Amino acid sequence: MPIETDAEVRNVLRKQTVAVVGCSSTPGKAAHEIPNYLQKQGYDVIPVNPNADELLGRPAYDSLSDVEEDIDIVDVFRPSPEVAGIVDKTLERDDIDVIWLQLGIHDDEAVARAEAAGLRVVQDRCMKPEHQRLIASA
């Protein structure tokens, strides 16, 4: 069952390293603005985008498999049909605790696989307003 309570979301938001799959270089796009906000809030944001060399002042990785640092949260800004493959890449690692699927992104089968493997999943929520509501305002 995906994470749904405020207490559970708050615990997730206390983690520090966020790999953003689908991070964008385009100001105004959610896939740029949300990671930028998270970075300004002190999160260690790791951009994952095979079409960019650098994003948010950091080297961008082609895939989760290429990220050398430990990751706490995988934040997904890719279409729902790509979630299964992202979950597969996540399950190849042993350092990730949470997969966060942004607003409008769903894949119940992939979520079930991730949860069966011991990962926590947040689905169809945006990290920025959740952070503003549960952490920044606290």
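See the structure shown above.
Anyway, here's the lowdown on the structure attached to this text.

Rules used throughout
Residue indices follow the written sequence of each chain, beginning from 1 at its first position. The predicted origin of the model limits local features to residues at a pLDDT of at least 70 and limits the giving and counting of side-chain atom pairs to 80 or more, whereas totals for whole chains, interfaces and linings rest on all residues. In computing side-chain properties, one takes all heavy atoms of the structure into account and sets aside hydrogens as well as water. Classification of residues uses two cut-offs on accessible area relative to the type maximum, computed with a 1.4 Å probe and protein chains only: under 20% is buried, over 50% is exposed, and between them is partly exposed. Segments assigned H or I by DSSP are reported as helices when at least four residues long, segments assigned E as strands when at least two residues long, and all are numbered from the N terminus. The directions from the helix axis to the C-beta atoms form the arc being described. We call two residues in contact when some of their heavy atoms are within 4.5 Å. Each pair of strands is called paired provided DSSP finds at least two bridges between the two strands. The convention used is that axes are lines fitted to C-alpha atoms, helices contributing only their stretch in contact, and that angles between N-to-C directions extend from 0 to 180 degrees. Throughout this description, a polar contact denotes any pair of N or O atoms lying within 3.5 Å of each other; where both atoms belong to protein, one of them has to be capable of donating a hydrogen while the other can accept it, and for residues adjacent in sequence the pair is counted only when both atoms sit in side chains. When the strands point away from the viewer and the connection leading from the first strand across the helix to the second strand turns clockwise, the crossover is called right-handed. Here, nonpolar core means buried Ala, Val, Leu, Ile, Met, Phe, Trp, Tyr and Cys residues that are tied together by side-chain atoms lying within 4.5 Å of each other.

1. Description of helix α5 (residues 127-136)
Within the sequence span of α5, burial applies to M127, E130, H131 and L134. The buried residues of α5 occupy an angular sector of 100° when projected down its axis, which confines them to one face. In the core, the buried residues of α5 are packed alongside α1 (6-13), β1 (17-21), α2 (30-40), β5 (73-76) and β6 (98-101).

2. Here's the deal with the sheet that holds strand β7 (residues 120-123)
One open sheet accounts for five strands, arranged β2-β1-β5-β6-β7; its pairing is parallel. Of all the strands in the sheet, just β2 (44-48) and β7 have a single pairing partner and so form its edges. Neighbour to neighbour, the strand axes of the sheet diverge by 20° on average, direction disregarded. Pairing between β1 and β5: four bridges, direction parallel. Within β5, the position partnered with V18 by the bridge is I73.

3. Comments concerning the side chain of R58
Along the chain, R58 turns up in strand β4 (residues 58-59). Of the residues examined, R58 reaches a relative accessible area of 16% and is grouped as buried. Polar contacts involving the side chain of R58 include one to the side chain of D44, which spans 2.2 Å. Contacts of R58, omitting those with residues within four sequence positions, involve Q39, D44, V45, I46, P47, D53 and E69.

4. Regarding the pairing of β2
Burial of β2 is extensive: four of the five residues sit out of reach of the surface. Relative to β2, β1 is paired through five bridges, and the arrangement is parallel. Looking at β2, one finds that V20 is bridged to P47. Considered for its hand, the β-α-β crossover made up of β1, α2 and β2 is right-handed.

5. Some points on the nonpolar core
If you look at the biggest cluster of nonpolar residues, it comprises 25 residues, and the most contacted ones within it are L13, L38, I73, W100 and M127. When contributions to this core are tallied by element, the ones reaching two or more residues are α1, β1, α2, β6 and α5. L13 has contacts with Y43, W100, M127, E130, H131, L134 and I135, leaving out every residue within four places of it along the chain. Of all hydrophobic cores here, the second largest spans 22 residues; its members include A19, L64, V83 and A114.

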